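# What the coordinates show
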Amino acid sequence: MPLPPGAAERGHILSQPWPWRHTVTHAVMLGRALRERDVAEAVGQVVRLAVAGPGSAVGRYPEGNTGRA
C-alpha cells in the first residue's frame, strides 16, 4: 500500500539523525520514484542512498530537508 502524499518527506525529516532509518527512508523514496517512473527522482535517490547513512552517522545532513531530488 503506498504512503499518503508527503508521508515519506515527513519521515525523512524525522529520520535524519539515525543512519539506518535515514537510509531506509531514501529506499522508500526510491521505490516511489521507480513506481512513478520519475527518472530524475530515482537517480537522485540512488545518490542519497549512498550518502544518507554515513552523513547521519557523522552528523552531517541538511536538517529539515525533505529528501526529494
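Our subject is the structure listed above.
Residues numbered from 1 in each chain as written. Predicted model: local features only at pLDDT ≥ 70, side-chain atom pairs only at ≥ 80, totals over all residues. Heavy atoms only, no water.

### Overview of the side chain of histidine 22
- Looking at where histidine 22 falls in the secondary structure, it is placed in helix H2 (residues 19-35).
- Assessed through its relative accessible area of 5%, histidine 22 is described here as buried.
- The residues contacting histidine 22, other than those within four sequence positions of it, are His12, Ser15, Gln16, Ala52, Ser56 and Tyr61. (Helix = DSSP H or I, 4+ residues; strand = E, 2+ residues; numbered from the N terminus. Buried < 20%, exposed > 50% of the residue type's maximum accessible area, 1.4 Å probe, protein only. Contact = heavy atoms within 4.5 Å.)

### A few points about the environment of leucine 3
- Along the chain, leucine 3 turns up in the segment before helix H1 (7-15).
- Take leucine 3: its relative accessible area is 49%, and that puts it in the partly exposed class.
- C-alpha separation for the pair leucine 3 and glutamine 45, spaced 42 residues apart in sequence, amounts to 17 Å.
- In this structure, leucine 3 is in contact with Ala8 and Val28, ignoring residues within four places of it in sequence.

### Brief notes about H1
- Considered for burial, the residues of H1 that qualify are Ala8, Glu9, His12 and Ser15. For H1, the angular spread of buried residues about the axis comes to 130°, placing them on one side. For H1, the exposed residues lying more than 90 degrees away from the buried face are Arg10 and Leu14.
- Buried residues in H1 make contact with H2. (Arc of directions from axis to C-beta.)

### Remarks on the layout of surface pockets
- By volume, the largest pocket amounts to about 170 Å³.
- What lines the largest pocket is a set of 14 residues, and nearest its centre among them are His22, His26, Arg48, Val51 and Pro62.
- Listing elements by their share of the lining of the largest pocket, those giving two or more residues are H2 and helix H3 (39-57).
- With 6 residues, H3 is the single largest residue contributor to the lining of the largest pocket.
- Tallied by class, the residues present in the lining of the largest pocket amount to 5 nonpolar, 7 polar and 2 charged. (1 Å grid on protein atoms, 1.4 Å probe; cavity = no way out; pocket = protein on both sides within 12 Å on 5 of 7 lines; lining within 4 Å. Points joined across faces, edges and corners; volume = space filled by probe spheres on them. Nonpolar A, V, L, I, M, F, W, Y, C, P; charged D, E, K, R; others polar.)

### What to know about the packing of H2 against H3
- Contact pair H2 / H3: the axes reach a minimum separation of 8 Å and the direction vectors enclose 175°. In this view, H2 runs roughly antiparallel relative to H3, as classed from their interaxial angle. Residues Pro19, His22, Thr23, His26, Ala27, Met29, Leu30, Ala33 and Leu34 of H2 form the contact with H3, whose participating residues are Glu41, Ala42, Gln45, Val46, Arg48, Leu49, Ala52, Gly53, Ser56 and Ala57.
- Across the contact of H2 with H3, the residue classes tally to 11 nonpolar, 6 polar and 2 charged. (Axes fitted to C-alpha atoms, helices over the stretch in contact; angles between N-to-C directions. Parallel < 35°, antiparallel > 145°, perpendicular 65-115°, else oblique.)

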